[in-house]
Amino acid sequence: MATLNISKKEIEKHIKLTEENIEKIMMMGIPIEISEDNVTIEITPNRPDLLSLQGLLRYIKSYLGKEPGLKKYKINKPEKNYKIKIDSSVNNIRPYTVCAIIKNLKFDNEKIKEIIDIQEKLHATIGRNRKKAAIGIYPLEKITLPIRYEARSPNEIKFIPLEANEEMNALEILQRTPTGREYAHLLDFMEKYPIFLDAKGKILSMPPIINSQETGKITPSTKDVFIECSGSDFFILKKILNIIVSALIDLGGKAYAMELEYGKNKITTPDFTPEKMKISLENANKLLGLNLKEKDLEKLLPRMGYNYKNGKIEIPAWRTDILHEVDIIEDIAIAYGYDNFIPEIPKVATIGEESKETKIESKIAETLIGLGLIETSSYHLIKIDEAKKAKLKENEKIELETSKTEFKLVRPNLLIPSLRIFAENKDNEYPQKIFEIGTIFEKDNKTETGIKETKHLLIALSPGNFTEIKQTFDYLSRMLDIKYEIEQTERQGLIEGRTGKIIINNKETGFIGEVHPETLKEWNIKLPVALLEISLEEIFKCF
Amino acid sequence: MEKETEIQRIIETLSPLETKIIPFLKEDIEKIKEKSGLDEVSLLRALKFLENKGIIKIKTAKKTIIDLGTNGIYYKKNYLPERKLLLTLEEKNHISLDEAKKLSKLSDNEFKVSIGVLKDKALIELTNNKLTLKATKEEIIKKMPEESLLEILPIEKEKLKDEMLLAFENLKKRKDIIETKEKNIFDFELTDLGKEIAGKEIKLDLLEEVTPEMIKEGVKGKKFRKYDLSYPVPQINGGKRHFVNQSIEYAKKIWTDLGFKEMSGPLIDSSFWIFDALFTPQDHPAREMQDTFFIKNILAKLPEKKLVNAVKQSHEKGIEKSKGWNYEWKEKEAQKVVLRTHTTGLSARTLSKLKEENLPAKYFAIGKVFRNETVDWSHGFEFYQTEGIVIDKNATFRNLLGYLKEFYEKMGYKKIKFVPSFFPYTEPSVEIQIFHPDKKIWLELGGAGIFRPELTTPLLGKPIPVLAWGQGFDRIITEFYKIKDLREMYANDIKELRNKKIWIK
């Protein structure tokens, strides 16, 4: 989600923020919050066309019925030399660019800030942090047309980057400027870097990193600009260019097209030709559960900024999110108003049921509660120092790539969380008798994910001894009508001679025993602990 | 006369404990304890009973009790280090520091302290790295005040005087020899009523607890002692399910009542099921490491080729009249293994196994999901989500709203609002908001929608409408239990777990 902060005064020049209008804006799917003189608006990632105040107002005005239908923008034909040549050297680097020229702009410092803000928001969202798309805006008076877009080896690229005082080569720019450092990874492993050049060979910028101080800095005296949008997805680039060009036209600019030369292919941008799509009234009614008529669509669709006639729809050239008819159907629903839908549960007979595992787990829990045990619920992640204390072997450790907390591994058992619980509860009243049912993780090449997940049951008593924990398990297994055996075994952290493996259906399914005082000391636990942990797999099989 | 009956009434309610101490009530607590033969706890209970009846007024005062620390226990059994050093010097009156240390077998710290202590008491002298004994025989034999103090512990600090108080101050500075604890000391005074009763020998022929003999032989003509029914009883605690699981159990019941079958699946899954099968493009921000827990060094196996190819096509060029996302879909990206960020991957798995003849079908799940988040009062890396899908050729958006409304009404939220929203895998998409009656604000619960055809076509073979939702569940739990700090949810504070009320909606 991107957030727009707009002055209330600026919006109210166009739309009065009455309670009724605010409610309507909310029902467009635009969360809006109004403080004294500021308006905060959240924009969902599917609508980058709303990231400018102009785009947002365009949408709200059509929704409120003030200016319904597809808004027209005039694009003038290219003048002489309004051309850009795309060299094939950029093909495997940053293959596409689309461009436009806007004239008659009246910039002041506020406006410049606003435009940079739109640019940055588009970079951060649909531009995927400049990877997919980056926009450059240049003062036309400093440039000689036509333009070239090509790739050169880094040591052949030299210019004064924006806000710097001296000329640097490409590598220096990546190392020494803040934006260079932030986005250098986008040029990793590339032999050549992309640049824009003017007719005199002056470097305008090195996308997607930085403009030149000399030819790429907008000032309040700038009237005419050259805009380019470079990246990897031609379809998206065209839309992004349209988003920014339409905003500049709404700000009073006059737009001119440019001719792009991709080898022999010549294309003109910006291209505001609306895309046409068929829309079936029947499909819409079926999916929404409504009974709309043709004339309803004629009213609803223009309120979402479309033109509509006879089952055909014209889609604004700045919409990036229309992949399928369902996207239009959603807009019909929004125009109809989500609050106008009458919720209805259909009369379809299906039989509800909990999973077998849930049922058995509930019964186990019920039985243990009868013994006065309290159920705990702990994180599926454990800390590195806990893995160390538990002396986990390498193949027992399943680590996370990154984690913002000290929890960096998934749990290999419920024993570790239970010892954490006792350590954290040493000031609470004893006896503490707990149980937990939860998933544990082990490496296993045979599974789809390389990890095997098993439901485990842990029971722990503190203070407690072997007899008490065995009594508890014995009670549980009698209630479940399951036979078990216990055989002597050894296990890290438990007392030798008082540790057994639990065998159900001739299969080792867990362990039972008393925790060694040294382990308790290491975990900072003050009273004795007896516990058991079993896999519930064998028990599930019994039912 | 009235006073007499009042006293008589009270006497009939006296418990055996109380009658035991009433004869001695005019004396001080220590005496009462001695003469009644009651232990401290019983005595205190008896006094509390009496206070409840208006016979006495209990006064409490905090007192400092001095007791032995871990080192103190050891030194009491053996010797204080300064004594050890003194004994060493008694044998060899004039020796070097090194030798003294070796012979006395003291640690560095003990040795240093001992020299200081003995020097202060003028029992030894230190010159040119040599220790000389200055103490007389009598002085050596005599107990030091510190030693005397260790012997009489535990003791109230107020009772210490002069030398002993000084010894206390000295030992306090040293490590773990003594420790002090605050203790509540009780005293009481008699009320006017109490003055009438105190000192009386009470001989009552009242029945106490019901015994088997009473049942066998009957109690005709005898009276039971009246209990003070308002007196608080000691708390007991029972076993119970974790409050989160109680609420989940309740929610599961709602879904099964509505005809939904429970689905289950892995918490750790491949990106294929969590993202790709859900038409989430491979450069989507949710797939970045800063938001999602990826598992190190493991790549998953992808499902059957047919499904993988259909998903690939759906992403790259579109499927079923869709334009797709228009990029090169990579298998390797789909093989990355993650802790599931939502339960919707489970829905995708369920759809892939469904057969058309089993439609319509309805499934639900309530399960843990994970986000790479910091942990503070408003953030956590694990939480529950409630997931549901309805697969039905005739399913509509209105039905989706119907199921959600029904569920949240049953969860106790009467005012529900549906607002447009966006998710990569549903269209139309909707967000559910519930009205918080106390705070008078709308709370966002999470998303729902109808699965996009780009998603359902590869999984089901054709674009059948699937109503789907996956909302955070923890918010409902924190609202019910008035939990302000999310860390409380899985902190497992046993005291909290014991005291948490039962989930009833």
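Residues numbered from 1 in each chain as written. Chains lettered and ligands numbered in written order. Predicted model: local features only at pLDDT ≥ 70, side-chain atom pairs only at ≥ 80, totals over all residues. Heavy atoms only, no water.

Enquirer: Sorry, what's going on with the interface of chain B and chain A here?
Expert: How big an interface is tends to be stated in terms of the accessible area lost upon association of its parts. With 92 residues of chain B in contact, the opposing surface of chain A contributes 81 residues. Both faces considered, chain B and chain A share a buried interface measuring about 7800 Å² in area, 56% of it formed by carbon and sulfur atoms. The largest per-residue losses of area from chain B upon contact with chain A belong to Lys323, Arg398 and Pro420 of chain B, which jointly make up 10% of the total buried on that side. Remark: the boundary between chain B and chain A carries eight salt bridges. Linking Arg349 of chain B and Glu448 of chain A is a salt bridge whose minimum nitrogen-to-oxygen distance equals 3.2 Å. Counting the contacts that link chain B with chain A gives 47 residue pairs in polar contact (both at pLDDT 80 or more). Here the element with the most residues in the side of chain B that touches chain A is helix H19 (residues 397-410) of chain B; it accounts for eight residues. In the side of chain B that touches chain A, the residues fall into 41 nonpolar, 21 polar and 30 charged. (Contact = heavy atoms within 4.5 Å. Buried area = accessible area lost by both parts, 1.4 Å probe. Salt bridge = Lys/Arg side-chain N within 4 Å of Asp/Glu carboxyl O. Polar contact = N/O pair within 3.5 Å; in protein donor to acceptor, adjacent residues only side chain to side chain. Helix = DSSP H or I, 4+ residues; strand = E, 2+ residues; numbered from the N terminus. Nonpolar A, V, L, I, M, F, W, Y, C, P; charged D, E, K, R; others polar.)

Enquirer: Explain the domain arrangement of chain B here, please?
Expert: Domain annotation for chain B reports domain 1 (2-55 + 191-224), domain 2 (81-143) and domain 3 (244-499). Once you take the C-alpha centre of each, domain 1 of chain B and domain 2 of chain B turn out to be 60 Å apart. (Domains from an automatic or database assignment.)

Enquirer: I keep staring at the pairing of strand E26 (residues 485-488) of chain A and nothing clicks. Help me out?
Expert: Here is the key point about a regular strand: its side chains alternate between the two faces of the sheet. Inspection of the sheet shows E26 of chain A paired to strand E27 (residues 494-504) of chain A by four bridges, in the antiparallel sense. Bridge pairing in E27 of chain A places Ile486 of chain A opposite Ile502 of chain A. (Pairing = 2+ DSSP bridges.)

Enquirer: Sorry, what's going on with a positive patch on the surface here?
Expert: Residues and elements named next belong to chain B. On the surface, Lys482, Lys484, Lys501 and Lys505 cluster together into a positively charged patch. Tracing the backbone shows Lys505 in the segment after helix H22 (494-499). Relative accessible area serves as the criterion here: at 39%, Lys505 is assigned to the partly exposed category. (Patch = residues over 30% accessible without salt bridge, like charges linked within 9 Å, V, L, I, M, F, W, Y side chains within 5 Å. Areas by Shrake-Rupley, 256 points an atom, 1.4 Å probe, with all protein chains shown as cover. Lys, Arg positive; Asp, Glu negative; His and termini not counted. Charge placed at Lys NZ, Arg CZ, Asp CG, Glu CD. Buried < 20%, exposed > 50% of the residue type's maximum accessible area, 1.4 Å probe, protein only.)

Enquirer: Looking at this structure, I do not really get the domain arrangement of chain A. What am I missing?
Expert: Residue and element names in this part refer to chain A. We note that the domain assignment places domain 1 (2-63), domain 2 (75-269), domain 3 (275-340) and domain 4 (356-541) within chain A. Placing the centre of domain 1 and that of domain 3 at their C-alpha centroids yields a distance of 22 Å. Counting from both sides, the interface comprises ten residues of domain 1 and, opposite them, twelve residues of domain 3. Between domain 1 and domain 3 the total buried area reaches about 1000 Å² when both faces are included, carbon and sulfur atoms providing 51% of it. Three residues, Met27, Ser62 and Tyr63, lead the burial of domain 1 against domain 3; their summed loss comes to 46% of the area buried on that side. Applying the counting rule to domain 1 against domain 3 returns three residue pairs in polar contact (both at pLDDT 80 or more).

Enquirer: When you look at the pairing of strand E1 (residues 56-68) of chain B in this model, what are you seeing that I'm missing?
Expert: Residues and elements named next belong to chain B. Direction of pairing for E1 relative to strand E6 (residues 178-190): antiparallel, over a ladder of 13 bridges. Across the sheet, residue Ile65 finds its bridge partner in E6, namely Lys181. The sheet contact formed by E1 and strand E5 (residues 155-156) spans two bridges and is antiparallel. Bridge pairing in E5 places Ile66 opposite Ile155.

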